[in-house]
Amino acid sequence: MSDIQSSKLIPPGSTIGILGGGQLGRMMVLQGTPLGYQFITLDPATNAPCGQVSQQIVGRYDDPQAAEMLASQADVITYEFENVDADVAALLEQKSYVPQGSQLLYTTQHRLREKRAIEAAGATVAPYMEVRSAAETLQAVQQFGTPCVLKTATGGYDGKGQFVIRNEEQAQQAYDELSVAGTELVVEQFIHFQCELSVIAARSSNGEIKTFPVSENVHVDNILHLSIVPARVSAEIQQRAEQMAAAIAESMNAVGLLAVELFCTEDGQLYVNELAPRPHNSGHYTIEACETSQFEQHVRAICGLPLGSTALRSPVVMVNILGEHIPAITEKMIQVDLSTTSLHVNPKYHLYGKEEAKHKRKMGHINVLCHNIEDALAWIDQTNIWRHE
Ligand code: AMP
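Values in this document were obtained by computation on a predicted structure and should not be read as measured data. (Residues numbered from 1 in each chain as written. Predicted model: local features only at pLDDT ≥ 70, side-chain atom pairs only at ≥ 80, totals over all residues. Heavy atoms only, no water.)

Participant: Please explain the overall build of the protein chain as it appears in this structure.
Facilitator: Looking only at helices and strands, the protein chain has 13 helices and 17 strands in total. Since a compact globule built from 389 residues should have a radius of gyration of about 21 Å, the 21 Å found for the protein chain is in line with a globular shape. Expressed as lengths along the three principal axes of its C-alpha atoms, the size of the protein chain is roughly 55 × 55 × 40 Å. Put simply, the protein chain has 389 residues, and 57% of those count as buried. Counting contacts in the protein chain only where the partners sit at least 6 residues apart, residues at least 24 apart contribute 64% of the total. Positive and negative side-chain charges in the protein chain, numbering 27 and 45 respectively, have mean positions lying 3 Å apart. (Helix = DSSP H or I, 4+ residues; strand = E, 2+ residues; numbered from the N terminus. Rg over C-alpha atoms; globule rule 2.2 N^0.38 Å. Buried < 20%, exposed > 50% of the residue type's maximum accessible area, 1.4 Å probe, protein only. Contact = heavy atoms within 4.5 Å. Lys, Arg positive; Asp, Glu negative; His and termini not counted. Charge placed at Lys NZ, Arg CZ, Asp CG, Glu CD.)

This is the structure in structure tokens:
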């Protein structure tokens, strides 16, 4: 596990190796290059989004030879997804400098371990119970009431590996459907939240911690649709959410970014839902809206540079561009957009260079900078691109 004693300075000019060549790696390269770093990524896909802007080794993530090649060419190694193969993580730690360590990955790869770590940091999660059979699932449903949610402990993302149980009769079906995954299962009480929030904390290898402004997140079909900043909750709730994220990052001895997703109830209670030890979609707004982007901050944190200011420069709404939005987005980008002047908004487009615009695939995002949130939401609405949602 990384600790402050093992921190070392990776000076500008050094090479950062990134396991994974998707959009998160790509933006890390685009934001880290001005600091003077060079980048190399490992990804199985030729012409990966990150490979387009850095050197790339084409190879599988779980291929020890490819991992070794990455280690030999990089002064420091990071990753852009959390499901890093445990053997590869160990090998990289042995062969190179991995300031984030493998402990944080080990914890966040597994919902039960993650919940225990969140509780150990003094934060609250939705009441939960590990279940090993349909009978135990029914017991949990009876204890928590309906609806409640059955989740796989590993491998779930964007709502996959989840079953919302709406009545006791569904306990068996839910267990049958999710137990085929062959991982532990957990039943969670359903939180009737007013909104979903997230906070991205950065902790540097020398122990410095900073948090970014709280984002209010709107999901459609379990995929992030909007991030609204400032979040439309009280300053007191925002402060509490930021303190919670910092406490979790500190308690877990995290290095680099740690995204903390929360449910916020009407009476202001905060429950941590999930953690991600990497740049997060709900932090893309920081690229133009904050003094320092989450990507630059991550590079600073793993290289042991002082962290940058996280102050908000402008209110912003981030809207995700999925595969089905690409034709309309292209049309929008090639035309002069007069509505930006009348609404006083400044939409900043980010496309990830993915070749195939598959349905629901994250292809890019727009950071709609604005004077007030309503103007940005009105601009998004007027484009008609996301109307059906
Ligand atoms: P997750 O994969 O855990 O991030 O869950 C995906 C989405 O499902 C969340 O963003 C929530 O909208 C919803 N969800 C998950 N767990 C719960 C819960 N315990 N109570 C209410 N909604 C939930």
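Participant: Any chance you could explain the packing of aromatic side chains here in plain terms?
Facilitator: Describing an aromatic ring pair means giving the distance of the ring centres and the angle of the ring planes. Applying the stated rule across the entire model yields 2 aromatic pairs. Measuring from centroid to centroid gives 4.7 Å for Y61 and F81, while their planes differ by 50°, and the two rings are tilted. Of the two residues, Y61 is situated in the loop between β3 (55-58) and α2 (64-73) and F81 in the loop between β4 (76-79) and α3 (86-95); the sequence distance between them amounts to 20 residues. Residue Y61 is classed as partly exposed on the basis of its relative accessible area, which comes to 27%. (Phe/Tyr/Trp six-rings, centres within 6.5 Å; stacked < 30°, edge-to-face > 60°.)

Participant: What should I look at first to understand the domain arrangement of the protein chain in this one?
Facilitator: Interfaces are often described in size by the accessible area the parts lose on coming together. Domain assignment breaks the protein chain into domain 1 (3-108), domain 2 (127-189) and domain 3 (195-383). Taking only C-alpha atoms, the centre of domain 1 and the centre of domain 3 are 23 Å apart. The junction of domain 1 with domain 3 conceals about 2800 Å² of combined surface from both sides, 66% of it contributed by carbon and sulfur atoms. Its largest share of buried area at the contact with domain 3, domain 1 owes to M27, Q31 and L104, together 20% of the area lost on that side. Counting the contacts that link domain 1 with domain 3 gives 1 salt bridge. Its salt-bridge partner being E82, residue R278 comes within 2.5 Å of it at the nearest N-O pair. Linking domain 1 with domain 3 are 8 residue pairs in polar contact (both at pLDDT 80 or more). (Domains from an automatic or database assignment. Buried area = accessible area lost by both parts, 1.4 Å probe. Salt bridge = Lys/Arg side-chain N within 4 Å of Asp/Glu carboxyl O. Polar contact = N/O pair within 3.5 Å; in protein donor to acceptor, adjacent residues only side chain to side chain.)

Participant: Help me understand the side chain of T292 in this model?
Facilitator: Take T292: it is sitting in the loop between α9 (286-289) and α10 (294-303). In this view, T292 contacts F212, T286, Q297, G308 and S309; residues no more than four positions away in its chain are not counted.

Participant: Please clarify how the site of the ligand should be interpreted in this entry.
Facilitator: The environment of the ligand is formed by 16 residues, the closest being K151, Q162, E188, I191 and E196. Q162 has a polar side-chain atom sitting 2.7 Å from an oxygen atom of the ligand. Contacts to the ligand include Q189, whose backbone N or O atom sits 2.9 Å from a nitrogen atom. For the ligand, whose accessible area on its own is 480 Å², the fraction buried by protein is 91%. Of all elements in the fold, only β6 (148-152), β8 (185-189) and β14 (270-276) reach the threshold of two or more residues within the shell around the ligand. Classifying every residue of the shell around the ligand gives 5 nonpolar, 6 polar and 5 charged. Both of domain 2 (127-189) and domain 3 (195-383) provide at least three residues apiece to the shell around the ligand. (Near = heavy atom within 4 Å. Areas by Shrake-Rupley, 256 points an atom, 1.4 Å probe, with all protein chains shown as cover. Nonpolar A, V, L, I, M, F, W, Y, C, P; charged D, E, K, R; others polar.)

Participant: Would you mind showing me how to read the pairing of strand β13 (residues 256-264) here?
Facilitator: The side chains of a regular strand alternate between the sheet's two faces. The buried count for β13 comes to 9 of 9 residues, which makes it a mostly enclosed element. In this structure, strand β9 (residues 195-203) lies alongside β13, joined through 9 bridges in antiparallel fashion. Counterpart to A202 in the pairing with β13 is L257. Where β13 meets β14, 6 bridges bridge the pair, whose relative direction is antiparallel. (Pairing = 2+ DSSP bridges.)

Participant: Honestly, helix α5 (residues 111-120) in this entry has me stumped. Any pointers?
Facilitator: For an α-helix, the turn length of 3.6 residues means that residues three or four places apart are oriented alike. Among the residues of α5, those classed as buried are R111, L112, E114, K115, A117 and I118. Positive backbone phi, approximately 90°, marks G122, located one or two places after α5.

Participant: Would you explain a nonpolar patch on the surface in this entry?
Facilitator: On the surface, M333, I334 and L351 cluster together into a nonpolar patch covering about 290 Å² of accessible area. Along the chain, L351 turns up in strand β16 (residues 345-351). Judged by relative accessible area, L351 falls into the partly exposed class, the value being 37%. (Patch = residues over 30% accessible without salt bridge, like charges linked within 9 Å, V, L, I, M, F, W, Y side chains within 5 Å.)

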